[in-house]
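Overview (structure and organization)
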Amino acid sequence: MADRKIATIGRRTVIKGAGAGAAALAFPTVLVPRKTRAAQRLVARNPGGPFEKAFGEAYDKPFQAATGIEIVNVTGQHEPIAMIKGMVDTKTYTWDLTILSNYTHNVLAEAGYLEPLNLDSDPIIQEIPKHFRSPYIIGNYVWSTVLAYRTDVYPAKAKAPTGGWKDLWDVKGIPGRRGMRKYPVDTIEPALLADGVTADKLYPLDMDRAFKSLDKIKKDVTVWWSGGAQSSQLLKSGELDMCVAWNGRAQTVMDEGAPVNISWNQALWSFDGWSIPKGSPTADLARKFIRFVSEAKNQVGFTPYVAYGPTNQNAAKLIDPKRLRELPTNPDYFKTMVPNDAVQWSKVQEKALERFNTWLIS
């Protein structure tokens, strides 16, 4: 099953291969039963929030204009492993294709729930480095998990939580209302790094040590958020003073003028991409869409809306230089960042989630 995995990649390779932001799109959250859908229509799952406009403007509208195929975007749950398994097992396809995190893709591919894409020989797809694709996913954008904070709460640079994940745990030295993700991914790694584990020793994950570290901060976490849009709102409203967040969600509220900044120190990075549920009757149409959104010029159209780096290596030279500096593939940030090991997570995610949920309510 090794061909279904994507190995962890080095910083230099990503800087060379991905320079900057990417695209996205969406429409209302509408679930359209398969039997009532027109033949030339695709339903695509997206992460919601700013992705709706981004996907719509960068991908959906141009694709429909070029092909006549309508794209209906729906906001789906994060890490939709159970939902996709249910679709495939019952052959009831609510989605024709979906954006997935690399680690969720690994879980589903290993279990046989994703359709082979068969696009490796396409010249457009070949512009995307191999470490951003597999037989079951084509990477669309590079993202990062960062610590975002309110600059009106921490106006002096010396007091801002910019020293890495240990600052999130330093509740006495850097007081404030804290938010973390209600999920083991993006939570276990910060717990270990805050406890002194170095980036080169982070994997395989020491779960016992991670939960001991989480015990130290549990009572000081004001909000455990479950969606990217929620983390953005918590930062924007000032309900939280610092928050674990995806960089694109934090940048969105910064672009809107909120007094928020990002600490890139020890930020975690990975990528999301397009996959097709196994057995989807519209797989060929979905492949056309995936090829279209993989083009450099289309990925560039995504970056004004969401600050994630494109996977097409030809896109960086087309992006506004100012926006390039705000993307996780910026070399100035990348040198202190930590790669997320998606293969490791595909092995431990289910047990980690069960343990995390039990810990959270204990």
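Rules behind the numbers
In every chain, residue numbers begin from 1 and rise along the written sequence. Given that the model is predicted, a residue must reach a pLDDT of at least 70 before its local features are reported, and side-chain atom pairs must reach 80 or more before they are shown or counted; all residues, however, enter totals for whole chains, interfaces and linings. Side-chain measures were taken over the full set of non-hydrogen atoms in the model, leaving aside hydrogen atoms and water. A run of DSSP states H or I qualifies as a helix once it reaches four residues; a run of E qualifies as a strand once it reaches two. Both are numbered from the N-terminal end. The rule is simple: take the accessible area with a 1.4 Å probe, protein chains only, and divide by the maximum for that residue type; under 20% is buried, over 50% is exposed, in between is partly exposed. Whether two residues are in contact is decided by their heavy atoms, any of which lying within 4.5 Å being enough. Using the Shrake-Rupley algorithm and a 1.4 Å probe, accessible areas are obtained, with residue cover drawn only from the displayed protein chains. We define a salt bridge as a contact between a side-chain nitrogen of Lys or Arg and a carboxyl oxygen of Asp or Glu at a distance within 4 Å. Classification of ring pairs uses Phe, Tyr and Trp, with its six-membered ring standing for Trp, and accepts pairs whose centres are within 6.5 Å; under 30 degrees between planes counts as stacked, over 60 as edge-to-face, and the remaining range as tilted. You can read pLDDT as the predictor saying how much it trusts each residue, on a scale of 0 to 100. Think of a polar contact as two N or O atoms within 3.5 Å of one another; within protein, one of them needs to be a possible hydrogen donor and the other a possible acceptor, and neighboring residues in sequence only count if both atoms come from side chains. Every axis corresponds to a line fitted to the C-alpha atoms, with the helix fit spanning only the stretch in contact, and the corresponding angles, defined between N-to-C directions, vary from 0 to 180 degrees. Convention used here: angles under 35 degrees read as roughly parallel, angles over 145 as roughly antiparallel, angles from 65 to 115 as roughly perpendicular, and any remaining angle as oblique. Should the near helix be turned anticlockwise from the far one by less than a right angle, the crossing is termed left-handed; should it be turned clockwise, right-handed. Polar here means any residue outside two lists: the nonpolar Ala, Val, Leu, Ile, Met, Phe, Trp, Tyr, Cys and Pro, and the charged Asp, Glu, Lys and Arg; Gly therefore counts as polar. Two strands pair under a simple rule: DSSP has to find at least two bridges between them.

In this section: the overall build of the protein chain. The helix and strand tally for the protein chain stands at 14 helices and eleven strands. Counting over 362 residues, the protein chain shows a buried share of 60%. Long-range pairs, those at least 24 residues apart, make up 77% of the contacts in the protein chain with a sequence separation of at least 6. Here the protein chain displays about 14,500 Å² of accessible surface, and carbon together with sulfur accounts for 52% of that area.

What follows is about the pattern of salt bridges. Enumeration according to the criterion identifies 21 salt bridges in this entry. Notably, a salt bridge pairs glutamate 295 with arginine 291, separated by 4.0 Å at the nearest N-O pair. Using a relative accessible area of 30% as the deciding quantity, one classes arginine 291 as partly exposed. Among the salt bridges present, the one from lysine 297 reaches glutamate 295, with a minimum N-O distance of 3.8 Å. Classification of lysine 297 by relative accessible area gives exposed; the value is 54%. For glutamate 295, a relative accessible area of 16% translates into the label buried.

By the definition in use, this model includes 22 aromatic pairs. Put simply, the rings of Phe51, Phe55, Tyr59, Phe63, Tyr141, Trp274, Phe289, Phe292, Phe302 and Tyr308 touch in pairs and so form one group of aromatic residues.

Summing up the model confidence of the protein chain, the mean pLDDT is 88 and the portion of residues at 70 or higher is 89%. Taken together, the stretch residues 1–38 has pLDDT below 50 and engages in 145 contacts with residues farther than four places along the chain or on a different chain.

The peptide bond linking tyrosine 203 to proline 204 adopts the cis configuration, its omega dihedral lying at 0 degrees. Its identity is not glycine, yet aspartate 186 carries a phi of approximately 80 degrees, on the positive side. The topology assignment puts aspartate 186 in the loop between strand E6 (178–181) and helix H6 (188–194). A residue is classified by how much of its surface remains accessible, and aspartate 186, at 1% relative accessible area, is buried. Non-glycine residue glutamine 266 carries a positive phi angle of around 65 degrees.

Okay, the environment of tryptophan 225 next. Position of tryptophan 225 among the secondary structure elements: in strand E7 (residues 221–225). In the structure, tryptophan 225 is positioned 42 residues away from tyrosine 183 in sequence and 8.6 Å away in space, judged by C-alpha atoms. Not counting residues within four places of it along the chain, the set of residues in contact with tryptophan 225 comprises Gly179, Met180, Arg181, Lys182, Gln230, Ser231, Leu234, Cys243, Val244, Ala245 and Trp246. From its side chain, tryptophan 225 meets the backbone oxygen of valine 244 in a polar contact 2.8 Å long.

Moving on, we get to the packing of helix H8 (residues 228–237) against helix H9 (residues 247–255). One can describe the packing of H8 onto H9 by two numbers: an axis separation of 9 Å at closest approach and a directional angle of 40 degrees. When the interaxial angle is binned, H8 and H9 end up oblique. In the crossing of H8 with H9, the sense of the turn from one axis to the other is right-handed. Residues Gly228, Ala229, Ser231, Ser232, Leu235 and Lys236 of H8 form the contact with H9, whose participating residues are Arg249, Ala250 and Val253. Classifying every residue of the contact of H8 with H9 gives four nonpolar, three polar and two charged.

Where helix H3 (residues 81–90) meets helix H4 (residues 102–110), the closest approach of the two axes is 10 Å, and the angle between their N-to-C directions is 35 degrees. Between H3 and H4 lies a crossing whose hand is right-handed. Taking contact as the criterion, the partners of Ile81, Ile84 and Lys85 in H3 are, on H4, Thr104, Val107 and Leu108. When grouped by side-chain class, the residues that make up the contact of H3 with H4 number four nonpolar, one polar and one charged.

Before going further, it helps to examine H4. Buried residues dominate H4, accounting for eight of its nine residues. Considered for burial, the residues of H4 that qualify are Asn102, Tyr103, Thr104, His105, Asn106, Val107, Leu108 and Ala109. Immediately downstream of H4, the backbone of glycine 112 shows phi near 85 degrees, a positive value.

Of all 14 residues making up strand E5 (residues 137–150), 14 are buried, and the element is well covered by its neighbours. Two strands pair when backbone bridges link them, and strand E4 (residues 133–134) and E5 are joined in this way by two bridges, in the antiparallel orientation. Pairing of serine 134 across the sheet is with isoleucine 137, part of E5. Taken together, the eleven bridges between E5 and strand E9 (residues 260–275) define a ladder with antiparallel strand orientation. Bridged to isoleucine 138 within E9 is tryptophan 274. Alignment of E5 against strand E10 (residues 309–310), held across two bridges, turns out to be antiparallel. By the bridge assignment for E10, valine 142 is matched with glycine 309.

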